[in-house]
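Per-entry structural report
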Amino acid sequence: FNLAAHSHLLTSLQIGKCPQISDEGIGELSDGCVLLSELDLYSCEKITDFALTKIVNRCEGLRSLNLSHCYQISDIGLVNLAEKGKALQSLRLCGCDMLTEE
């Protein structure tokens, strides 16, 4: 079952603590669910900057994003998010160990 292909009107998705969610899956999701305004990826440990880039490039109306404990998100992904995530109002990054204070 391809969620993105059948859920193009989806605006909110919580898939936290799904350890098998990968960049590829998030890429497909963001391609098909461009109306997402809220996305919770709490503790999706396989998610990297690549997935974050796909999300911000395709889901332009994203207002709320939880990346807490997504250990592979780095400063590079966060800079891209800051540049392109114009609608973002809420961002959670607790436990993202690769982020620096710079």
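Treat the numbers as computed from the prediction; the structure is a model and nothing was measured. (Residues numbered from 1 in each chain as written. Predicted model: local features only at pLDDT ≥ 70, side-chain atom pairs only at ≥ 80, totals over all residues. Heavy atoms only, no water.)

This paragraph deals with the environment of cysteine 94. Note on placement: cysteine 94 falls in the segment after strand 4 (90–92). Judged by its relative accessible area of 53%, cysteine 94 is exposed. Between the alpha carbons of cysteine 94 and serine 68 there is a distance of 4.5 Å; along the sequence they are 26 residues apart. Apart from residues no more than four positions distant in its own chain, cysteine 94 is found in contact with Ser68 and His69. (Helix = DSSP H or I, 4+ residues; strand = E, 2+ residues; numbered from the N terminus. Buried < 20%, exposed > 50% of the residue type's maximum accessible area, 1.4 Å probe, protein only. Contact = heavy atoms within 4.5 Å.)

As a packed pair, helix 2 (residues 23–32) and helix 3 (residues 49–58) sit with axes 9 Å apart at the nearest point and diverge in direction by 0°. Of the possible angle classes, the one that applies to helix 2 and helix 3 is roughly parallel. Taken together, the residues of helix 3 that come into contact with helix 2 (itself represented by Asp23, Ile26, Gly27, Ser30 and Asp31) are Phe50, Ala51, Lys54, Ile55 and Arg58. When its residues are assigned to classes, the contact of helix 2 with helix 3 shows four nonpolar, two polar and four charged. (Axes fitted to C-alpha atoms, helices over the stretch in contact; angles between N-to-C directions. Parallel < 35°, antiparallel > 145°, perpendicular 65-115°, else oblique. Nonpolar A, V, L, I, M, F, W, Y, C, P; charged D, E, K, R; others polar.)

Attention shifts here to the nonpolar core. Ranked by size, the top nonpolar core spans 21 residues in total, and within it Ile26, Leu29, Leu36, Leu39, Leu41, Leu62 and Leu65 carry the most contacts. Mapped by element, the contributors of at least two residues to this core are helix 2 and helix 3. Residue contributions to this core peak at four residues, all from helix 3. Leave out the neighbours within four places in its chain, and leucine 41 touches Ile15, Gly16, Ile26, Ile55, Asn66, Leu67, Ser68 and Cys70. (Core = buried A, V, L, I, M, F, W, Y, C linked by side-chain atoms within 4.5 Å.)

Geometry only, nothing functional implied.
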